[in-house]
Amino acid sequence: MVGLLQHRWGVVNDRSRSYGDAGEPGPKQAGHLRSCQFFPLHSSAPYCVAQGYIGRPRRTVPIVPRFGCGCPATVVLMILVTGASGTIGSHVLRLLAQSGHPARAMMRSRPGRTVPPDVDVVQADFEDHASLHRAVAGVRAVFLLTAPATPTPDHDLALLAVARTAGVSSVVKLSAIGTGERFGAATVGAWHQTAEDAVRASGLTWTILRPSSFASNCLHWAGAIRAGEPVHNVTGDGEQGVIDPGDIAAVAVAALTDPAHAGKIYTLTGPELLSVPDQASHLSEVVGRPVVTVDVPPATASRQLLASGMPPAAVRATVIGTAWARAGHNRILTDDVARVLGRPPATFRDWARRHREAFAGVP
Ligand SMILES: NC(=O)c1ccc[n+]([C@@H]2O[C@H](COP(=O)([O-])OP(=O)(O)OC[C@H]3O[C@@H](n4cnc5c(N)ncnc54)[C@H](OP(=O)(O)O)[C@@H]3O)[C@@H](O)[C@H]2O)c1
């Protein structure tokens, strides 16, 4: 009964109200379920349509449903974005808000100005189960991004457990390229592999995203570049399909809002293979002065990371990933971004131009 009551509430926004007021089914979007997620008996219904919205954006209001199956339940429209204060999560939130999909940001601390105005916010921590229950209440889909300090699938497993009991219907898991590959005696992205397996076994509808190296990683070089110092190159001549985080987020939003992506694993790359010296050369053109690199072999990188206070297990996982890329195993380009978005992925140079200020300012 608790579950049913929970499902009787949703959050609407301007866009959904505009067709709800007219009493007409709107275009297929987040509020339109292909099947009834709460009542398996009705799961063969072609679609469910909500209508009769009331209220202002950000207000939680009852939704009067009209289901193709005649089901008396109501529709849950909320999409939960975890990792919402981070690189990908903040893009996902922005895109959901821009396209009028009701979204809830899960944050550990009070949000800054980065949260779009119509977004609901829940304070929650993957390590605090009670807070996770609050986060998933009234949610139909979850963008699952975990970034534990030490590599562990526990955060993914904790969220999946509460999502199942709360009646969440789908999950889009951010994983990483190379997950599960053997590299010498090690497994690349071993914790993501365990989490991916749990997502597939969860009983929820799922999509898995395996992005390549983020263009935004080079923001770590900004201080060195501004100071005219060399940037640390931990991947040598290893080329990677460096990808704009905005493109990863756009694919995530497509997967969260269109059931056509259910059951898919997308390997997401940018349009070109780039080594760190290649990226430095693009940045050099963008900032208008030389950007040089200094090679940092795995053993040195390992010592430096340990000295910085990173937990040993995290250092090991990081060094396995960078050594794997250094050995050329991430020389991968796919057309998954273009197939999902209907346009090519952004180039690294595009991304660098948009972030020129970070590299060009004074130290
Ligand atoms: N960087 C790459 O090149 C790359 C490539 C492929 C895949 N990935 C994957 O991408 C993910 C990282 O994405 P990102 O760069 O967007 O993340 P990010 O910018 O590092 O942000 C991490 C997010 O996770 C949140 N978080 C951390 N611990 C939490 C906890 N205990 N409870 C609730 N929230 C918590 C953080 O919240 P706070 O703000 O409170 O800390 C933050 O919002 C990782 O899974 C990584 O393996 C990265």
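Refer to the preceding data block for the structure.
Residue numbers restart at each chain and count upward from 1, following the sequence in its written direction. Whole-chain, interface and lining totals are the exception, using all residues; otherwise, since this is a predicted model, local features are given only for residues with pLDDT of at least 70 and side-chain atom pairs are given and counted only at 80 or more. Neither water nor hydrogens contribute to the side-chain values; these are computed over all heavy atoms in the structure.

Draft legend 1. View of the pairing of strand 6 (residues 103–107). The buried label applies to any residue whose accessible area, calculated with a 1.4 Å probe on protein chains only, is under 20% of its type's maximum; exposed applies above 50%, and partly exposed to all values in between. Here a helix means four or more residues in a row that DSSP labels H or I, a strand means two or more in a row labelled E, and each is numbered from the N terminus. The element strand 6 is extensively covered by neighbouring structure, given that five of its five residues are classed as buried. The side-chain alternation of strand 6 yields two buried faces, one formed by A103, A105 and M107 and the other by R104 and M106. Strands were regarded as paired on the criterion that DSSP finds at least two bridges between them. Across three bridges, strand 5 (residues 78–81) lies against strand 6 in parallel orientation. Paired with L80 across the bridge in strand 6 is R104. Following the backbone out of strand 5, through helix 3 (residues 87–98) and into the adjacent parallel strand 6, one traces a crossover that is right-handed. Two elements, strand 6 and strand 7 (residues 120–123), share four bridges in a ladder whose sense is parallel. For R104, the partnering residue across the bridge sits in strand 7 and is D120. Place the viewer so that the strands point away; then a crossover is right-handed whenever the path from the first strand over the helix to the second strand goes clockwise.

Draft legend 2. A look at the packing of aromatic side chains. Within 6.5 Å between ring centres, the rings of Phe, Tyr and Trp (the latter by its six-membered ring) count as paired, and their orientation is classed by plane angle as stacked under 30 degrees, edge-to-face over 60, tilted in between. Going through the model one piece at a time under the given rule, you end up with two aromatic pairs. Judged by centre distance (5.9 Å) and plane angle (20°), the rings of F348 and W351 are stacked. Highlighted residues: F348 and W351, both in helix 13 (residues 348–354), separated by three residues, approximately one helical turn. For the pair F348 and W351, a shared accessibility class is recorded, and that class is buried. Seen from their ring centres, W351 and F359 are 6.1 Å apart, and the 65° between their planes marks the pair as edge-to-face. Grouping residues by exposure puts W351 and F359 together as buried. Put simply, the rings of F348, W351 and F359 touch in pairs and so form one group of aromatic residues.

Draft legend 3. Main features of the site of the ligand. We call a residue near a molecule or strand whenever a single non-hydrogen atom of that residue lies within 4 Å of it. Close to the ligand lie 26 residues; S85, R108, T146, H192 and N217 are nearest. In this structure, an oxygen atom belonging to the ligand sits 3.4 Å away from a main-chain N or O atom of G83. For the ligand, whose free accessible area comes to 930 Å², the fraction covered by protein is 76%. Taken together, the elements giving at least two residues each to the shell around the ligand come down to helix 3 and helix 6 (190–200). The nonpolar class holds Ala, Val, Leu, Ile, Met, Phe, Trp, Tyr, Cys and Pro. Asp, Glu, Lys and Arg form the charged class, and all remaining residues, Gly among them, are polar. For the shell around the ligand, the residue count by class is twelve nonpolar, eleven polar and three charged. Whenever two N or O atoms come within 3.5 Å, that pair is a polar contact, provided that in protein one can donate a hydrogen and the other can accept it, and provided that, for residues adjacent in sequence, both atoms are side-chain atoms. The Shrake-Rupley method, run with a 1.4 Å probe, gives the accessible areas here. Residue values count only the displayed protein chains as cover.

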